[in-house]
Amino acid sequence: MPASTARARVAGSAPRLSIGQVLAHLNPEFPDLTPSKLRFLEEQGLVSPARTESGYRKFCAADVERLQLILSMQRDHYLPLKVIRSHLAEIDAGRTPSLPGGAVSAPSMLSAVRRYSRDELVRESGASAALLDDAIAASLVSPSEVYTDDSLSVLRALVELQRSGIEPRHLRGFRGAAQRELGLIESALAPLARRKDPSSRAQVIERAQDIAGQLEVVRGSLIRSALTRLAP
């Protein structure tokens, strides 16, 4: 963005937030968000805050909404930045694209993020309170005061699996498998993680999301291939 355009944006009547104010707004929901990650997202072209005459970043309400969407897509859907970038480009073009996996992005980016109490989670998923307790006991859902769309998706899946006789206790091994995958990711990123500069820490987060996505592709392919053995 040309400097004159950025200055014009800052000069507008809408309130602008500093990096510190943006962090104060978003950290309750995204505690891992740091100034270095904000700068990294800007370097990647995902958000373009305005600049003051002195070069300080100033974020408008739309920038904060955009950041909230980016961070929720990373956390709740494990999407790499290249996928998020394409999704944002669709939104910027005036379209309402679907997220990979079928979730439709709402016209307001803030509405893409929702939190559920325990009672709301049970009601929205169609599960029983006992099923949620069993899912927590099997480490398939983490106990919390508030739950995410990811928890809702897991609990809905468990409702369907229960109809086929598959209970949360049968899936205890999934937690161990996830921990083994995490170990692979940590091992692969160890050289980069040892660097202490902010840029490297931001790259670790991005690469971890990307590797997790690739592992999911491989795992899904193996399951689909194994399912062919069920055919008569």
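This report concerns the structure included in the present document. These numbers come from a predicted model, not from an experiment. (Residues numbered from 1 in each chain as written. Predicted model: local features only at pLDDT ≥ 70, side-chain atom pairs only at ≥ 80, totals over all residues. Heavy atoms only, no water.)

Further remarks concern the overall build of the protein. Summing up its helical and strand segments, the protein has 10 helices and 2 strands in all. Order of helices (α) and strands (β) in the protein, N terminus to C terminus: α-α-α-β-β-α-α-α-α-α-α-α. Classification of the 232 residues of the protein by burial places 33% in the buried group. Taking the intrachain contacts of the protein between residues at least 6 apart in sequence as the baseline, contacts between residues at least 24 apart amount to 60%. Total accessible area on the protein stands at roughly 13,600 Å², and carbon and sulfur atoms take up 55% of it. (Helix = DSSP H or I, 4+ residues; strand = E, 2+ residues; numbered from the N terminus. Buried < 20%, exposed > 50% of the residue type's maximum accessible area, 1.4 Å probe, protein only. Contact = heavy atoms within 4.5 Å. Areas by Shrake-Rupley, 256 points an atom, 1.4 Å probe, with all protein chains shown as cover.)

A side chain of one charge can pair with a side chain of the opposite charge when the charged atoms of the two come close. Taken as a whole and assessed by the stated rule, the structure comprises 9 salt bridges. Among the salt bridges present, the one from Glu29 reaches Arg75, with a minimum N-O distance of 3.6 Å. In this pair, Glu29 is assigned in the loop between helix H2 (19-26) and helix H3 (35-43) and Arg75 in helix H4 (residues 61-77), connecting sequence segments 46 residues apart. Classification of Glu29 by relative accessible area gives partly exposed; the value is 22%. By relative accessible area, Arg75 is classed as partly exposed at 27%. Salt-bridge contacts for Arg51 lead to Glu42; the nearest nitrogen and oxygen are separated by 3.3 Å. (Salt bridge = Lys/Arg side-chain N within 4 Å of Asp/Glu carboxyl O.)

The N-to-C vectors of helix H6 (residues 118-125) and helix H8 (residues 149-163) enclose an angle of 45°; their axes lie 9 Å apart at closest approach. Between H6 and H8, the interaxial angle falls into the category oblique. In this structure, H6 meets H8 at a crossing whose hand is right-handed. Only Ser151, Leu152, Leu155, Arg156 and Val159 of H8 make contact with H6, whose side of the interface consists of Leu121, Glu124 and Ser125. For the contact of H6 with H8, the residue count by class is 4 nonpolar, 2 polar and 2 charged. (Axes fitted to C-alpha atoms, helices over the stretch in contact; angles between N-to-C directions. Parallel < 35°, antiparallel > 145°, perpendicular 65-115°, else oblique. Left-handed = near helix turned anticlockwise from the far one by under 90°. Nonpolar A, V, L, I, M, F, W, Y, C, P; charged D, E, K, R; others polar.)

Tracing the chain through its elements places Pro49 in the loop between H3 and strand S1 (50-51). With a relative accessible area of 6%, Pro49 lands in the buried category.

In this section: the packing of H2 against H4. Where H2 contacts H4, the axes come no closer than 11 Å and their chain directions differ by 50°. With respect to H4, the element H2 is oriented oblique. In this structure, H2 meets H4 at a crossing whose hand is right-handed. Facing Val22, His25 and Leu26 of H2, the residues of H4 in contact are Val64, Leu67, Gln68 and Leu71.

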